[in-house]
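Fold and geometry: a report
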There are 2 protein chains.
Amino acid sequence: MDHLVEKALEGDHRAIARLISLVENESPFASQIMANLYAHTGKAHIIGVTGSPGAGKSTLLDKLIDNLKRMEKKIGVIAVDPTSPFSGGAILGDRLRMQSHALETDVFIRSMGTRGSLGGLSRAAYEAAMILDACGKDVIFIETVGVGQSEVDIVKIADTVCLLLVPGMGDDVQVMKAGIMEIADIFVINKADRDGADRLEAEVNIMLDLYGSKAWRPPIVKTVAERGEGIDALCKALADHKKYLSESEEGKKRFISRIKMEVEEILRREIAKVVEEKWKENCDDNLIRSLASRSIDPYTVAGKILGEIFSRGL
Amino acid sequence: MDHLVEKALEGDHRAIARLISLVENESPFASQIMANLYAHTGKAHIIGVTGSPGAGKSTLLDKLIDNLKRMEKKIGVIAVDPTSPFSGGAILGDRLRMQSHALETDVFIRSMGTRGSLGGLSRAAYEAAMILDACGKDVIFIETVGVGQSEVDIVKIADTVCLLLVPGMGDDVQVMKAGIMEIADIFVINKADRDGADRLEAEVNIMLDLYGSKAWRPPIVKTVAERGEGIDALCKALADHKKYLSESEEGKKRFISRIKMEVEEILRREIAKVVEEKWKENCDDNLIRSLASRSIDPYTVAGKILGEIFSRGL
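Just so it is clear, the structure is predicted and the values come from calculations on it, not from any experiment. Within each chain, residues carry numbers counting from 1 in the order of the written sequence. Labels are handed out in written order, letters beginning with A for the chains and numbers beginning with 1 for the ligands. Restriction of local features to residues with pLDDT of at least 70 applies here, the model being predicted, together with a cutoff of 80 or more for giving and counting side-chain atom pairs; totals for whole chains, interfaces and linings are based on all residues. Computation of side-chain values: all heavy atoms of the structure, hydrogens and water removed.

Here we come to the overall build of chain A. When you go through chain A residue by residue, the secondary structure sums to 14 helices and 7 strands. Partly exposed residues are those whose accessible area sits between 20% and 50% of the maximum for their type, while under 20% is buried and over 50% is exposed, using a 1.4 Å probe and protein chains only. With 314 residues in all, chain A has 54% of them scored as buried. Note on contacts: a residue pair qualifies if any of its non-hydrogen atoms lie within 4.5 Å across the two residues. Taking as baseline every contact in chain A between residues at least 6 positions apart, the subset at least 24 positions apart corresponds to 76%. Residue exposure ignores everything except the shown protein chains as possible cover, and the areas themselves are Shrake-Rupley values with a 1.4 Å probe. By element, 51% of the accessible surface of chain A is carried by carbon and sulfur atoms, the whole surface being about 13900 Å². Secondary structure is summarised from DSSP: a helix means a run of H or I of at least four residues, a strand means a run of E of at least two, and numbering begins at the N terminus for each.

Only residues above 30% relative accessible area that lack a salt bridge enter a patch, with like-charged residues linked at up to 9 Å and the nonpolar side chains Val, Leu, Ile, Met, Phe, Trp and Tyr linked at up to 5 Å. Think of a salt bridge as a Lys or Arg side-chain nitrogen and an Asp or Glu carboxyl oxygen that are within 4 Å of each other. Taken together, the side chains of A:I206, A:L210 and A:Y211 present a nonpolar region at the surface, about 340 Å² in accessible area. Here A:Y211 is to be found in helix 10 (residues 197-211).

A few words on helix 2 (residues 13-24) of chain B. Residues and elements named next belong to chain B. Here a helix's expected span is defined as the number of its residues, less one, multiplied by 1.5 Å. Taking 1.5 Å as the rise per residue, helix 2 with 12 residues should run 16 Å; its terminal C-alpha atoms sit 16 Å apart, in good agreement. Among all positions in helix 2, only H13, A15, I16, L19, I20, L22, V23 and E24 are buried. Here a polar contact is recorded for every N or O atom pair within 3.5 Å, except that within protein the pair must consist of a potential hydrogen donor and a potential acceptor, and residues adjacent in sequence are included only if both atoms are side-chain atoms. In this structure D12 caps helix 2, since a side-chain oxygen of it lies 3.0 Å from the backbone nitrogen of R14. E26 sits one or two positions beyond helix 2 and adopts a positive phi of about 50°.

Turning to the environment of B:F255, a few remarks are in order. The residue B:F255 is located in helix 12 (residues 249-282) in this model. A residue is classified by how much of its surface remains accessible, and B:F255, at 38% relative accessible area, is partly exposed. Through-space distance from the C-alpha of B:F255 to that of B:D159 is 8.7 Å; in sequence the pair is 96 residues apart. Excluding residues that lie within four positions of it along the chain, B:F255 makes contacts with A:A292 and A:R294.

The subject of this paragraph is the packing of aromatic side chains. How two aromatic rings sit relative to each other is given by the distance of their centres and the angle of their planes. Any two of the Phe, Tyr and Trp rings considered here, Trp counted by its six-membered ring, make a pair once their centres fall within 6.5 Å; the pair's planes then place it as stacked at under 30 degrees, edge-to-face at over 60, or tilted in between. All chains considered together, the criterion is met by 2 aromatic pairs over all chains. Note on A:W216 and A:Y244: the rings are 5.2 Å apart at their centroids and 35° apart in plane angle, and the pair reads as tilted. In this pair, A:W216 sits in the loop between helix 10 and strand 7 (220-222) while A:Y244 sits in helix 11 (residues 231-247), placing the two residues 28 residues apart along the sequence. Definition used: whenever NZ (Lys) or CZ (Arg) falls within 6 Å of the ring centre and also within 35 degrees of the ring normal, the charge is taken to sit over that ring. Residue placement shows A:R294 over the ring face of B:Y38; its charged tip is 4.4 Å from the ring centre.

Right, here's the structure in full:
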């Protein structure tokens, strides 16, 4: 295990991939691995990229990676699909385009799908990002498909959140994006050569005028990813936001709240394990029958179990 | 408090609304209220209704309610919006249409928005449904906006899940719906007078052929909610599914797993409270500084706190 961690810290992609798998599969070594790596984290720029299917996230990422590589940055990509395995096929095609980078030693690409809970997925994505951070990646992208609450939960673990919009995607999409609008640090209007790009920009500006009260006003960057247009401007906006985080009060706040979140997340997970264990001990057919017939209620049952766990009476 | 519960059990809508608020706001009486009501639950048919914005959920619900009222059913509606307060306005208009029923004594309507976590929202929706069940509602609708993982988590607390589809909504929508396809018990093709209704029906059938292996094959009901067409057929499908649940092995399984979920949910919530308290006690500027400088890691910190809580060493 120590050897594996050592190799990963040297940047070996095979070792990194194994560490991520161990942590993702909740290996008994997971906590130890993460604890060992922690001292090496805190250097990378974690960037969340989200937007509706068809917004051009993969193409944009492709071009961004090209640019960043020219700046000698080491890059990791975590591509997350919070929809069910059911739709796995639909997204895979998109992902394949990025594979041109996959074999190069300085870009590490990892896909993640739903396994069980949504909370589990964002945790796994976060831990993968931490591993990549510790192992020397300078920039880590977390890309998600879609625009629901799931995506909000996942990309908000990033330092900088980019929201991709496309002109003419219709009102429904605009409504659904609402949740994510609030956490976007940079707006990207992709396919900006299409009709309606200016109107979309004006709409976003109106929203920002109405609701944006933060010291950082999210810039709106227009791109045509397929032709590589606007990528330099986007790289600059990303660097600006990173600088802002390192210098501002808000950046400090976010930093502290992330540290707290890390501890809370571990606590939550460990407690879930205890609950599951205790509940398994207590839950038999008799109890289920009593609950089903309503002769006992779940609050009383839970109270008894809690009494056992916190025997000292907290 | 006893008086309030008594009034609610008699069906008084103002008392029911107050109980839901107390539980939603995590009043100190919440557990006691729910424990008291539990003996009266287990009779209602809880129906989840979901689909993309614009699919016509509210109109369909309107017509369904008319039908069910003619059968002398007592009805409750919980309208859940998992997107942020940001988009509250967009949905409110839709909701207003249903208000024609709001003043009638036999239809109770309640809206719920995000408050904090998504888990919190589905729990609140579930508890509201339990309260309505205890207070004599025969049919309880849980309506959600959108088609993301959030909606999946919310509607899966229902006995029967209806997924609304509309012809010609495009491929993106189809992909995003994937997660919810698996938990749909009834497919409704609304606006079925539009071009493409037959093709959509064929597509759903293909998906069901491919992935559906359950004893219950979800029926596909075509409706034109605005003209009231297909509502009788939908009512019949709902009744059929209810009958199926009461007689089948799968229905029994679902029933038991819901009972278990109830206890687990209470355990999780109560333990989370204890942990939060302990974490607040332990989390000071010094600790944050040590974590920020990476001189200690969050796994070690969490380990110490857990040691304090579970002093017997679980």
